[in-house]
Amino acid sequence: MSNPSLRRYHAAVWDEPLVLEIGREGRRGMLVPEPEAEVRATAGTLDALVPHTARRQKAPGLPELTEFEVQRHYLHLSQETLGMMGISLFGTCTMKYNPRLNELLTARPWLAELHPSQDEDTLQGVLQIVHAFSEMLCELSGMSQFVFQPGGGADAAYTQACITRAYHQHRGELSQRDEVITTIQAHPCNAATSAAAGFKVVTLPLEDDGYPSVAALEAVVSERTAALMVNNPDDMGIYNPNIKRWLELVHDAGALAFYDHANFNGVMSRLRARELGFDACMFMLHKTFGAPKGGGGPAVGAYGCSEELVPFLPRPLVHRDGERYRIEHDAPLSIGRVREFWGNLPQVVKAYSYTRALGAEGIRQAADLSVLANNYMEGRLLAIRGVTKSFPELTAPRLEMTRYSLGEMTEETGVTVLDVQNRMVDFGIDAFWLSHEPWIVPEPFTPEAGELWSKEDIDYWIDVLAAVVAEAYEDPETVRTAPHNQAIHKVDGSGANDPEQWATTWRAYQRKRRAATV
Amino acid sequence: MTYRAHPYMANSAPQLQEELCTAIGVASPDELFAQIPADHITQTPIKLPPALASELELSRHLRITLARNVDCEASLSFLGGGCWQHHVPAVCDEIATRTEFLTPVWGTPSSDHGRNQAWFEFSSQLGELLELDFVGLPVYSWGCAAGHALRMAGRMTGRREVLISELMDPERLAVIRTYCEPPGMQGHIELRTVATDPATGTLDLDALASAISERTAAVYFETPGALGVIEPNPERIVALARAHGAEAVAGVDPISLGVLAPPGQYGADIAVGPTQPLGVHMNCGGGVGGFIASRDEERYARQYPTLQVSLCPTSEEGERGFSLTLFEQSSYGSRELGNDWTGNSVYLWAVVNAVYMSLLGPTGFSELGELILMRSNYAAARISEIPGVAVSWPGFFKEFVVDFNETGKTVSEINAGLRTRGIFGGGGLSDSHPQLGQSALYCVTEVHNQEDIDRLTTALTEVLA
């Protein structure tokens, strides 16, 4: 495709071998100190310290490289990762700038070299931030207390499932309440964590308005209901206006209501979960609050709840006594732990810093700009041949993202949304989000511009999509065989679910390859 | 003050906001929230502390606040118990902060190629250390890994009882309890504790033999154990489990595997453990991560809750790529019908772990393991020379129990005394293991040289005098 308005781009190609294939015997990447003579003499020999039956017999097959070779190898791998160096409008993940200041400050020993079991006297700075940030999230949500122990959004959903269990156990109703209600448009983790905590899952389908009806909820809510777990808006950008009625129904039945606030960015400062009636909610600090995503964590699913549920929260909690902060390590009704210690604290500090940098006005502006950018995109996207919108008959503006479909294009050209994704990376545009399972519209894609990306970036993103869709009609083979300008060509994962072929380690790969050639 | 655009928000420049509004034909963004009923909108404006929009002011505030901490470089720390102070190579820190790894989420298999390869190298190198062929991408922590592994064992065997040591780490145990569901739940897995030998702290194999039965889904044992002791005969524990059709799940610290036997060597079915020791800072507990590994057999592979990458071909002859494998059995693929659940985890640390393992190499792991053994044993020898103080059990790696019962002082009194001397003493065990009375778990790694250890013994002697 030669489109003079698009910039030239090509990913770095290094043909980088696996680290296990490089290096030479005897080379060293890191030396450790030699034990001091007195230490060695006092400690005794290795044979005396570890019985033979507990000793390693064969050296591990790790590479032998210099420090520079290791550094260069992983720098090459970073260069062979597009990693948001272009434009990423990955919907549901709210791609943000991760301020470098936060990286620099959290990397210093005053946070990086803290041990979680230190005496609270020595942790006053970090306790202050944890406490202050909990209060800030309480202000944004109306909840009474936040914990940061859950290691991601799914872990916060699991925390809810465990608290649901403990709450009904405490009230003597757990044996009766064995169902969690969710919707097909709620993130899969809500259903999955409920099941993993021991509940049956009831999933409501969508109806004509883009969300399940009140009647549908009425039909399933009962004395067996333990909790409702929903997001709102969903990741099509559709808001369920009956949510207050939903919460009344759920509460009348004696169940809890959890707000998966994955899509908080567009409604920040307009909605407070507690005011709507939710008992608990979850914010993803690595999404909405500017902490980095790390390609999948370390993350934080900040879990907040009403006063009534505080006794059940996992511990530790941080409390303030005047100018001092103290740690509450345990509580009789607490669910205990969902993960060791008290969370990914560098991420908490980064999110705190991000929120301090914005302040209340900045938070509101970020929400406004997110929704504005999304609605700006809609006009241009729908002008592209083959692009349609989910629930097109709903005319009200969507919130911070909108689910689109390339189904028409696929019918007309045979090119799929995955092909388009593979072709867009040829222009330095990171993958877009498709949709969680199951797909509600064919060939879905879900961009989210958020407040980070400039109008120029957004326009460029749309230009690339338009060019790729045009190419799908004119030269579908080029799109189907994409990418052409990437670190590697199109990956053939067809054997990845075959036990004879899958290989999650080099050991397995070598063994299977040997077996296949015999 | 005049309005200023925010450095994190490109369209906060006033003319940009106007341009966007004009393009969609609204006077103000407020009009775009028509989906939300008016009575849902909060009536109380959000109040937050004043914005610190300049990097300078923000930096000053954070520096003043974080400077209130006293860290383990400023002090001399002997704290361990699930989070350990190890040396983090500078290259690990550099790679951890590469923007391409740090900021993004998912890309395509081709545009994420470098990261996928780094993940594969995490699994592959860990597989070499463990002598196991199937390794998932990491989970949140060791406790979470153990919890998932026990649930895997429960699904595989259809049994609902697990045997564990009576001397478990309290944090990890609390997580495992959560994962095993409380009594009364349909999926409840009962945790039955097995006695340890009072002379060694290791599992009492006779007690294990009498506890194990056809109801046992798994025997979960750790080596080194939560209190540092090395199981001298892991193959016998595995054999006992196997004889009863139970899965042998081993918890191991990968930093020990240059000298201690890897789970594959003694035939463990599933291995779990921490990833923080492999090049990740303690981060006040925010550095923890966990792994799950096993033999590459369908019986195990089909039970993983994690995501994992597999080496694959590409459309170009001879080129290698990576693809997710067994995605359909994850919660992303199958919602509540998937195995447990998955989500964001600690994947950035997996990249760092890969860097660490390639820096150390086979000789580095064996030298490091030996150094930790030497220095921790030296520390134990010196500490046990202090009158009234004893080291409870020999045969440990990195951590050991110091018994202060004869000193007449509590661990918290002793640690308060050490703190005034710039030392964080080992963590007290009286809450988690009351049978040990006033005992503490001391952790000695490669970062502690002889001088540090001698300083500790001098300070302890003074505090106990």
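Details of the structure are given in the entry above.
All of the points below concern the structure found in this document. Because the structure is a prediction, the values reported are computed rather than measured. (Residues numbered from 1 in each chain as written. Chains lettered and ligands numbered in written order. Predicted model: local features only at pLDDT ≥ 70, side-chain atom pairs only at ≥ 80, totals over all residues. Heavy atoms only, no water.)

## Let's talk about the pairing of strand 7 (residues 270-274) of chain B
Residues and elements named next belong to chain B.
Part 1 of the argument: A large share of strand 7 lies buried, amounting to 5 of its 5 residues.
Part 2 of the argument: The two faces of strand 7 match: Ile270, Val272 and Pro274 on one face and Ala271 and Gly273 on the other face are all buried.
Part 3 of the argument: For strand 6 (residues 247-251) and strand 7, the ladder comprises 3 bridges, and the chain directions are parallel. Paired with Val249 across the bridge in strand 7 is Ile270.
Part 4 of the argument: One ladder, built from 5 bridges, connects strand 7 with strand 8 (residues 290-294); its direction is antiparallel. Across the sheet, Gly273 pairs through a bridge with Phe291, a residue of strand 8. (Buried < 20%, exposed > 50% of the residue type's maximum accessible area, 1.4 Å probe, protein only. Helix = DSSP H or I, 4+ residues; strand = E, 2+ residues; numbered from the N terminus. Pairing = 2+ DSSP bridges.)

## A closer look at the environment of Ala96(B)
All names here are of chain B.
Part 1 of the argument: Structurally, the position occupied by Ala96 is in helix 3 (residues 90-96).
Part 2 of the argument: Residue Ala96 is classed as buried on the basis of its relative accessible area of 11%.
Part 3 of the argument: Each C-alpha atom of the pair Ala96 and Met374 lies 31 Å from the other, and the pair is 278 residues apart in sequence.
Part 4 of the argument: Among residues more than four places away in sequence, those in contact with Ala96 are Leu102, Leu348 and Val352. (Contact = heavy atoms within 4.5 Å.)

## A short note on the nonpolar core
Part 1 of the argument: By size, the foremost hydrophobic cluster in this structure holds 133 residues, and its most contacted members are Trp342(A) and Trp461(A).
Part 2 of the argument: Contact partners of Trp342(A), with chain neighbours within four places excluded, come to Pro116(A), Leu123(A), Val126(A), Leu127(A), Val130(A), Phe148(A), Gln149(A), Pro316(A), Val318(A), Ile327(A) and Cys284(B).
Part 3 of the argument: In terms of nonpolar packing, the next biggest core, distinct from the first, is built from 116 residues, Val50(A), Val309(B), Leu360(B) and Leu368(B) among them. (Core = buried A, V, L, I, M, F, W, Y, C linked by side-chain atoms within 4.5 Å.)

## Observations regarding helix 5 (residues 113-130) of chain B
Residues and elements named next belong to chain B.
Part 1 of the argument: The end-to-end C-alpha distance of helix 5 is 25 Å, a good match for the 26 Å that 18 residues give at a rise of 1.5 Å each.
Part 2 of the argument: Burial analysis of helix 5 places 18 of its 18 residues in the buried class, the great majority of the element.
Part 3 of the argument: Immediately beyond the C-terminal end of helix 5, within one or two residues, lies Glu131, with a positive phi of roughly 60 degrees. (Expected span 1.5 Å × (residues − 1).)

## Side note on the environment of Pro37(B)
Part 1 of the argument: As for its position among the elements, Pro37(B) is in the loop between helix 1 (14-24) and helix 2 (55-66).
Part 2 of the argument: The class for Pro37(B) is partly exposed, based on a relative accessible area of 21%.
Part 3 of the argument: Sequence separation between Pro37(B) and Ser366(B) is 329 residues, and the spatial gap between their C-alpha atoms is 65 Å.
Part 4 of the argument: Setting aside residues no more than four positions away along its own chain, Pro37(B) makes contact with Tyr239(A) and Pro241(A).

## Quick notes on the packing of helix 12 (residues 345-382) of chain A against helix 1 of chain B
The description of two packed helices rests on the angle between their axes and on the distance between the axes.
Part 1 of the argument: Between helix 12 of chain A and helix 1 of chain B, whose axes approach to 9 Å, the crossing angle comes to 40 degrees. What the angle tells us is that helix 12 of chain A and helix 1 of chain B run oblique. Considering only the axes of helix 12 of chain A and helix 1 of chain B, their crossing is left-handed. Across the interface between the two elements, Gln365(A), Leu369(A), Leu372(A), Asn375(A) and Tyr376(A) from helix 12 of chain A touch Gln17(B), Leu20(B), Cys21(B), Ala23(B) and Ile24(B) from helix 1 of chain B.
Part 2 of the argument: A per-class count over the contact of helix 12 of chain A with helix 1 of chain B returns 7 nonpolar, 3 polar and no charged. (Axes fitted to C-alpha atoms, helices over the stretch in contact; angles between N-to-C directions. Parallel < 35°, antiparallel > 145°, perpendicular 65-115°, else oblique. Left-handed = near helix turned anticlockwise from the far one by under 90°. Nonpolar A, V, L, I, M, F, W, Y, C, P; charged D, E, K, R; others polar.)

## What to know about a negative patch on the surface
Residues and elements named next belong to chain A.
Part 1 of the argument: A cluster of acidic residues, Glu207, Asp208, Asp209 and Glu393, forms a negative patch on the protein surface.
Part 2 of the argument: Its location among the elements puts Asp208 in the loop between strand 3 (200-204) and helix 9 (214-220).
Part 3 of the argument: Overall, Asp208 belongs to the exposed group, its relative accessible area being 65%. (Patch = residues over 30% accessible without salt bridge, like charges linked within 9 Å, V, L, I, M, F, W, Y side chains within 5 Å. Areas by Shrake-Rupley, 256 points an atom, 1.4 Å probe, with all protein chains shown as cover. Salt bridge = Lys/Arg side-chain N within 4 Å of Asp/Glu carboxyl O. Lys, Arg positive; Asp, Glu negative; His and termini not counted. Charge placed at Lys NZ, Arg CZ, Asp CG, Glu CD.)

## Remarks on the packing of aromatic side chains
Part 1 of the argument: Tallied over the entire structure, the rule returns 33 aromatic pairs over all chains.
Part 2 of the argument: Ring plane angle 25 degrees and centroid distance 6.4 Å describe the contact between Phe264(A) and Phe289(A), whose orientation is recorded as stacked. In this pair, Phe264(A) is assigned in the loop between strand 5 (256-260) and helix 11 (273-276) and Phe289(A) in the loop between strand 6 (280-284) and strand 7 (301-305), connecting sequence segments 25 residues apart.
Part 3 of the argument: Look at Phe264(A) and you get buried, because its relative accessible area is 0%.
Part 4 of the argument: Between Phe120(B) and Phe322(B) the ring centres are 5.1 Å apart and the planes differ by 40 degrees, which places this aromatic pair in the tilted class. Of this pair, Phe120(B) sits in helix 5 while Phe322(B) sits in strand 10 (residues 320-325); the two residues are 202 residues apart in sequence, bridging distant segments of the chain. Summarising the burial analysis for this pair, Phe120(B) and Phe322(B) share the class buried. (Phe/Tyr/Trp six-rings, centres within 6.5 Å; stacked < 30°, edge-to-face > 60°.)

## What to know about the interface of chain B and chain A
It is common to report an interface's size as the accessible area lost on association of the parts.
Part 1 of the argument: On the side of chain A, 209 residues touch chain B, which itself brings 200 residues to the contact.
Part 2 of the argument: Carbon and sulfur atoms make up 61% of the surface buried where chain B meets chain A, a total of about 17,900 Å² over both sides.
Part 3 of the argument: In terms of surface lost to chain A, no three residues of chain B exceed Tyr8(B), Gln35(B) and Arg335(B), which account for 5% of the buried area on that side.
Part 4 of the argument: There are 16 salt bridges connecting chain B and chain A.
Part 5 of the argument: One salt bridge in this structure joins Lys455(A) and Glu19(B), with 3.3 Å as the shortest N-O distance. (Buried area = accessible area lost by both parts, 1.4 Å probe.)

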